[in-house]
Amino acid sequence: MRITGYRTLTTVQRWGRAVGDANGVYADGILPVPVILVDTDEGITGVGLGPHVEAEAIFAAIDGEDPRSVAALYDRMLRQTFKAGHAGAVFGTIGAFDTALWDIKAQAAGEPLWRLLGGRDRRVPAYASGLDIGLTDGELVATYERYGERGLRAAKLKGGLDIERDRRRLMLVREVLTEAARGMRPGLMLDANECWSRKQAVRHVVELERTLDLTWIEEPVRRWDADGLAVVSRGVRAAVATGENLTGLEQFRPLIAAGGVDIVQTAAVWGVSHFLRVAALAHANDLPVSPIGNTPVALLHAATSVPNHIASELQDLQPPVGIAVDLHVEDGAFVLGDAPGLGIRVDEGAVASAYQGNGPAPSGPHVRPEQAGRRLLSVTGGDPAVRQPQPHPVDVRPAPANAADESVFGGGEL
């Protein structure tokens, strides 16, 4: 079998509401989702969700190769970017190709990837994550009620701008999930998305911990600040979770050595090989690992095969437009299907008509505010950069009226 070419697509995720974090909000709730398809001479096509940056240069490392040699081809792609480096979106492109190759390998074997990787249990524990900082209290409750109906018993909220607002919202979600679980107290996490200084982080979390039991605090300070993350970890009761924005195994070593990470995270967009290597490093240091991402299907398969997976992030209850995935959510877990490979089906016609944009939005969660880490006062009414609608250059057709009731990722067999 040989790799013969690749194609790139861009679809959208339609949340049907505002989504964002302490850095900004997409008021229309519509986000672009890039896709890479890798073709072979045997008619098997692999799917990877991730950037297209430098795709042509990276593809040169795998063109004509046997896609089943995926581990070696991953290192070959890393070497292809040696001089310029593989950080940021380039690492995402490598991850998208890597994921597509794992998809091909499992399809060729006629097995779902979770089985090929040695997983035993198709159920992957999940926690709810609504990218919810732009929601009113009523909208927040309604959102987490839907998660509760799917059996989710842990939730991660976006926050970091105001202690009392974070406390109130965490308590609201605790009440919603406790009621859904008929009295069982849920796990609660807070994601600050690198918006604090070290002292701000400790002060904010310690105050919340006067009345709340937090499972973890996520990205309290900058992603590379190993000493600062360690200061936060020692200063609060909650675990410190970080790693989703680290691009390469080498970036995790100083954080682990400094004691700056208690929950090791990896982004779904960085690929399967990266996750497996990070999970092994974390396991060697007695640390749990947790995948991050809106459509983390590839890492859900990989999570079944590692001994230290704790829980995976469940964001939207719908897949991106034109994407169907052989999995569903029940009793607080992703349940993977038996379709060969990743179990992803792409409707290229639907995808082609979905995306109308021409680039990233000028503001939103992907842009760090000027005052991040330097705010003197709490942002009690919401930071204007967060609360105001932000222009977003994609199709703004609303989600279907029954979107919240649809099965997650389409569900069932493909």
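Refer to the structure printed above.
1. Comments concerning the environment of Leu255
Then step 1. Turning to its location among the elements, Leu255 is positioned in helix α9 (residues 253-258).
Then step 2. The class of Leu255 is buried, set by a relative accessible area of 2%.
Then step 3. Sequence separation of Leu255 and Thr10 is 245 residues, and the distance between their C-alpha atoms is 34 Å.
Then step 4. Apart from residues no more than four positions distant in its own chain, Leu255 is found in contact with Arg223, Trp224, Ala226, Leu229, Thr242, Leu246, Gly260 and Val261.

2. Digging into the packing of aromatic side chains
Each aromatic ring pair is summarised here by two numbers: the centre-to-centre distance and the angle between the ring planes.
Then step 1. Tallied over the entire structure, the rule returns 6 aromatic pairs.
Then step 2. Pairing Phe59 with Phe97 gives two aromatic rings, centres 6.0 Å apart and planes at 35°, and the pair type is tilted. Here the residue Phe59 occupies a position in helix α1 (residues 55-59), and Phe97 occupies one in helix α3 (residues 89-109), the gap between them amounting to 38 residues.
Then step 3. For Phe97, a relative accessible area of 0% gives the class buried.
Then step 4. Their ring planes at 55° and their centres at 5.0 Å tell us that Tyr144 and Tyr147 sit as a pair that is tilted. Note that Tyr144 and Tyr147 are positioned in helix α5 (residues 137-149) at a spacing of 3 residues, about one turn of the helix. As far as the burial class goes, Tyr144 and Tyr147 line up, both buried.
Then step 5. Among the aromatic residues, those joined into a ring-pair cluster are Tyr6, Phe59 and Phe97.

About the cut-offs
- Residues numbered from 1 in each chain as written.
- Predicted model: local features only at pLDDT ≥ 70, side-chain atom pairs only at ≥ 80, totals over all residues.
- Heavy atoms only, no water.
- Helix = DSSP H or I, 4+ residues; strand = E, 2+ residues; numbered from the N terminus.
- Buried < 20%, exposed > 50% of the residue type's maximum accessible area, 1.4 Å probe, protein only.
- Contact = heavy atoms within 4.5 Å.
- Phe/Tyr/Trp six-rings, centres within 6.5 Å; stacked < 30°, edge-to-face > 60°.

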